[in-house]
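Summary of structural features
Residues per chain are reported as follows:
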Amino acid sequence: MGKDRVRFGGLDMWTRKAAIMFTSGISLILIGMMISNFQLMIVGLAFLSLLAINGWVAGHSDLLIERQTSATNVYKGDDIVVSLTVTNKSYRRTQQLELFDNVPHEMKMRKGINQMRMNLGPGQTAKLRYVVRCPLRGHYTIGPVSVRYRNAFNLFVNETKMDDRSDITVFPQIRDIEEALLRSDVPKMYSGATTLKTPGPGMEFYALREYLPGDSFRSINWKALARTGEMMVNEKTRDAVTDVFVIVDTRDVSRIGTVLKNPLEMGTVAAASVSNYFLKRRDSVSLVTYGSRMDYLPPETGDKQYFKILSGLASVEAKGSMPLQAVTNALSPRMSRGSPVFIISSLEGDGTTLPAIRNLSGKGHEVIVLSPSSIDLERLVSRIPRMSYEVLKLERQNRLTAIAGYGAKVIDWMPDVELSQALLQIKLG
Amino acid sequence: MSENEVPVSKSLNIRQLRRRWQIILLQLISTASLILLMQRMTRLYGTCSDSFIESYGESLYWCPAYEHTRGLRWFEQETGSLVLPDFLTGLNQTGEMTVVAPIILCFGITALWIYVLTRGDSTRKWINIGVTVVFFAWMLLPFLISWITALNHPLNHIDHLWGPLLFVFELVFLGVVFAPVLAGIMGIWGLSKKFLTWTVGYYLTVIGVHAILTFEGITESVDLGLNPLPGQIGEATMWGGLVSPLALELIEVAILLVLYLEAGSAVISHMEYASLLPKDTKRDPEFVRQFENVINGHLVHLIGVMSLVALTTAIALEFDDFLISTVGALSGGQWSGQVKESLELQLTYGKVISAGLFLVVVAGMRFILPWQRVTGIFETALLRFRSTET
């Protein structure tokens with residue numbers, strides 16, 4: 001919520017119309033004087049009188065402008081309701097005002113409009129309400145509010161700005177990932193593992209419950225059976241807490257495709273969804289982005305980490321050409337042994353991909369490569385000859401096969417395939 | 001975008017706005033100004049000079065004055081008959097009634113034009129083609145048919161082309177006076193800024209051309225018989241000795257010109273704003289209320305400012321009198337006596353310079369008189385009074 005007070009001050013600016021009227025007035029008077037014609041002089045005088053009299057009416061006023069937004073953090077594709085309340089705090093009429101709330105061009109106006117013409121009496125209030133959609137992730141700013149006083153005859157203007165801004169962060173969308181598709185069954189190796197208070201495979205007792213068909217006989221609590229006469233089973237607390245590393249490629253090549261559909265956008269959605277999934281399971285998730293430089297977010301769990309990951313993903317831009325091996329080499333000492341590693345990359349233009357993945361697999365990490373098909377994304381914006389497409393596709397297929405050969409699970413992610421469907425390839429593979 | 005929506009009749013849809021009283025009032029003010037302007041222009045610039053009239057004696061004469069019947073009558077005498085009927089050109093009327101029929105015709109043409117504008121593209125195209133074909137058929141077919149059917153006869157078929165040509169000339173005579181009226185009405189009711197400014201430009205051109213053609217230096221070489229405006233503004237006998245009859249007429253022309261332009265432009269500006277609004281905001285009570293505020297404010301301004309402009313111009317023209325009498329009253333010396341008797345100060349230069357001085361004072365009063373503050377205090381008090389009443 002932003003609140004600011006605007007006071008108009010200084011002299012008004014002349015519009016083009018006023019300038020034309022002034023020069024016409026002077027010219028008519030001079031010509032009239034030259035040829036002794038009173039009509040020309042009087043028309044000229046009337047033009048100048050109009051300017052002089054209109055100069056008396058100034059848009060001086062004291063405005064209180066308050067902006068409220070329905071949210072400051074939203075997911076890509078969500079709507080934000082923006083309300084502007086304008087109050088004339090002075091005891092003078094504002095005259096004709098044009099209010100314009102600056103909205104980033106990436107946001108789409110869904111309902112209403114971000115501008116209004118108004119003429120407020122003393123103490124009067126006007127409310128402007130509009131809804132914008134945020135189709136692109138990133139950090140945006142709504143504001144400042146431009147207030148322009150315009151003379152009724154469009155002769156003078158006076159513009160001022162309320163410098164209050166509302167920052168909006170648009171996170172990547174979160175897609176549902178079925179639990180069955182992703183399994184993180186590598187327990188944390190170092191001390192300090194969080195005790196999870198959710199039922200699942202583990203050692204610590206969680207609760208007793210009634211026996212259900214399919215339950216193991218080993219889990220039957222015989223004492224409870226003897227006491228109550230009913231079949232009861234022991235449920236355990238899940239103690240499989242994992243460090244999951246999500247590496248997102250944000251190099252320049254990841255901008256291939258359209259603004260809304262490119263490897264970077266698909267990658268951020270995938271990284272956000274995967275992180276969300278693991279954080280919900282109380283696993284620790286680390287986010288690594290690499291492009292012009294490497295940004296590393298150490299593994300943590302909880303809502304705070306979730307927010308950090310989404311914020312990090314919201315701000316990534318496609319630039320740079322850092323090789324994957326440089327990232328994995330730098331990360332290697334910080335990765336707990338056997339942690340699953342998600343690499344989200346189009347795998348284009350980087351000769352170090354194979355050795356980097358080989359090294360990770362060699363160290364016992366479960367490597368899952370999610371690769372948005374940049375060739376198919378490029379086809380969305382440019383026409384690729386069929387033969388060239390086939391050759392490029394074959395090259396890509398060979399690269400993926402080679403990576404799979406090192407023990408990594410490889411997903412070839414086509415632009416029109418949903419993330420959950422793409423991840424299904426792990427299971428099928 | 002509020003949950004509540006105003007009824008469609010009060011919405012900011014263009015169709016509904018066209019029926020709103022403020023918009024209609026602005027259009028009526030503009031139209032009335034235009035017609036009054038034409039009438040004043042005809043009265044001021046529609047006569048030939050006395051010497052020119054005398055030189056023609058009893059016979060019909062024509063000078064390029066701003067009046068249509070004289071030209072048409074002269075044309076009728078020269079050619080034998082007119083294509084346009086007298087009731088349409090106003091030739092069967094006298095005095096100011098001569099302009100009634102052409103003005104009605106202008107309204108009719110504007111209505112037709114707006115009707116055509118509101119049709120679809122293809123309909124508009126076919127109407128345009130139809131009008132063009134009918135006009136050219138009327139122009140050429142009689143000539144072609146008579147020429148083809150009577151190839152062996154030595155008849156002068158070119159006579160058949162004469163009628164359409166006369167018609168075009170009649171339109172020119174009529175158009176000199178009524179083209180700006182037609183363009184002005186089209187601009188006001190058809191919402192065309194181009195037509196509005198064209199009309200103002202046309203009238204300024206007429207005034208300028210008349211001024212040049214009646215300038216002594218020109219009339220010595222070429223005298224077209226136009227009646228020049230008096231070289232003196234005359235004795236101020238009206239509005240309590242503030243304005244002379246001639247000055248009043250000249251001020252009226254200037255004010256009507258500005259009033260016509262401003263009222264017409266206001267309609268277009270407000271309609272433009274409303275048309276830019278998205279559909280859902282057109283029924284938003286907040287947008288509707290503010291639109292009403294803005295347009296009501298505009299109406300108040302238009303009336304208030306225009307009245308003040310008229311008054312200021314009138315005072316400015318008589319400011320020389322005030323200066324001279326002040327100087328005369330302040331001291332009884334020789335210099336003040338000379339100033340008082342000075343004729344130059346009351347002629348063109350003195351008048352304009354003193355008027356300019358007065359306007360500078362008026363413009364500077366913005367920094368001295370806090371009248372906006374005063375009106376604000378009144379408005380605040382009025383609002384408080386209303387709220388306590390309710």
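For the structure, see preceding data.
What comes next concerns the included structure. Quick caveat, the model's predicted, so the values are computed rather than measured. (Residues numbered from 1 in each chain as written. Chains lettered and ligands numbered in written order. Predicted model: local features only at pLDDT ≥ 70, side-chain atom pairs only at ≥ 80, totals over all residues. Heavy atoms only, no water.)

The next thing to look at is the state of the cysteines. All names here are of chain B. For the structure shown, the criterion picks out one disulfide over all chains. Across a sulfur-sulfur distance of 2.0 Å, Cys48 and Cys63 are joined as a disulfide pair. The S-S bond linking Cys48 to Cys63 shows a torsion near -95 degrees; that makes this disulfide left-handed. Residue Cys48 is located in the loop between helix 2 (21–45) and helix 3 (50–56), and its partner Cys63 is located in the loop between helix 3 and helix 4 (69–79); the two are separated by 15 residues in the primary sequence. Each member of the pair Cys48 and Cys63 is classed as buried. (Disulfide = S-S within 2.5 Å. Helix = DSSP H or I, 4+ residues; strand = E, 2+ residues; numbered from the N terminus. Buried < 20%, exposed > 50% of the residue type's maximum accessible area, 1.4 Å probe, protein only.)

Taken residue by residue, the interface counts 66 residues in chain B and 56 residues in chain A. When chain B packs against chain A, close to 5700 Å² is buried across both sides, 70% of that on carbon and sulfur atoms. In this structure, the connection of chain B to chain A is made through one salt bridge. B:Glu262 is the partner of A:Lys17 in a salt bridge, and the nearest nitrogen-oxygen pair spans 2.8 Å. At the boundary of chain B and chain A, one finds 13 residue pairs in polar contact (both at pLDDT 80 or more). Every element with two or more residues in the side of chain B that touches chain A is listed here: helix 2, helix 9 (193–213), helix 11 (245–276), helix 12 (285–317), helix 15 (348–364) and helix 16 (371–389) of chain B. (Contact = heavy atoms within 4.5 Å. Buried area = accessible area lost by both parts, 1.4 Å probe. Salt bridge = Lys/Arg side-chain N within 4 Å of Asp/Glu carboxyl O. Polar contact = N/O pair within 3.5 Å; in protein donor to acceptor, adjacent residues only side chain to side chain.)

Next up on the list: the pattern of salt bridges. Oppositely charged side chains are able to pair whenever their charged atoms sit close together. All names here are of chain A. Taken as a whole and assessed by the stated rule, the structure comprises 30 salt bridges over all chains. For the salt bridge of Glu159 with Arg148, the shortest nitrogen-to-oxygen distance reads 3.0 Å. Taken as a pair, Glu159 in strand 12 (residues 156–162) and Arg148 in strand 11 (residues 145–150) lie far apart in primary sequence, eleven residues in all. On the basis of relative accessibility, which here comes to 30%, the residue Arg148 falls in the partly exposed class. It is possible to trace a salt-bridge network through shared partners that takes in Glu98, Arg117, Arg148, Arg150 and Glu159.

Further remarks concern the packing of aromatic side chains. Counted according to the given criterion, the structure contains 25 aromatic pairs over all chains. Geometrically, the ring pair formed by B:Tyr56 and B:Tyr61 is tilted, given 6.1 Å between the ring centres and 50 degrees between the ring planes. Note on B:Tyr56: relative accessible area 35%, which makes it partly exposed. An aromatic cluster is defined as three or more aromatic residues linked by ring pairs; in this entry it consists of B:Trp62, B:Trp74, B:Phe75, B:Phe169 and B:Phe173. Taking NZ or CZ as reference, A:Arg379 lies 3.9 Å from the ring centre of A:Tyr389, over its face. The cationic tip of B:Lys125 hangs over the ring face of B:Trp126; the distance from NZ or CZ to the ring centre is 5.8 Å. (Phe/Tyr/Trp six-rings, centres within 6.5 Å; stacked < 30°, edge-to-face > 60°. Lys NZ or Arg CZ within 6 Å of the ring centre and 35° of its normal.)

With that out of the way, let us pick up empty space enclosed by the protein. Enumeration over the complete set of coordinates arrives at three cavities of 30 Å³ or more. Considering only enclosed or pocket space, the largest cavity measures out at about 70 Å³ in volume. Taken together, A:Gln95, A:Gln96, A:Asn119, A:Tyr149, A:Arg150, A:Asn151, A:Ala152, B:Val294, B:Gly297, B:His298 and B:His301 make up the full set of residues lining the largest cavity. Listing elements by their share of the lining of the largest cavity, those giving two or more residues are strand 11 of chain A together with helix 12 of chain B. (1 Å grid on protein atoms, 1.4 Å probe; cavity = no way out; pocket = protein on both sides within 12 Å on 5 of 7 lines; lining within 4 Å. Points joined across faces, edges and corners; volume = space filled by probe spheres on them.)

Residue and element names in this part refer to chain B. Here helix 13 (residues 319–330) crosses helix 15 at 90 degrees, and the two axes come no closer than 8 Å. The orientation of helix 13 relative to helix 15 falls into the category roughly perpendicular. For the pair helix 13 and helix 15, the contacting residues are Phe319, Asp320 and Leu323 in the first and Gly350, Lys351, Ser354, Leu357 and Phe358 in the second. (Axes fitted to C-alpha atoms, helices over the stretch in contact; angles between N-to-C directions. Parallel < 35°, antiparallel > 145°, perpendicular 65-115°, else oblique.)

Turning our attention to the sheet that holds strand 17 (residues 284–290) of chain A. Residues and elements named next belong to chain A. Read across the open sheet, the six strands follow the order 18-17-16-19-20-21; overall the sheet is mixed. For this open sheet the edge positions go to strand 18 (294–300) and strand 21 (409–413), each flanked by a neighbour on one side alone. Pairs of neighbouring strands in the sheet enclose a mean axial angle of 10 degrees, with direction left out of account. Together, strand 16 (243–249), strand 17, strand 18, strand 19 (341–344), strand 20 (367–372) and strand 21 form the strand contacts of helix 4 (residues 263–280), whose direction differs from that of strand 16 by roughly 170 degrees. (Pairing = 2+ DSSP bridges.)

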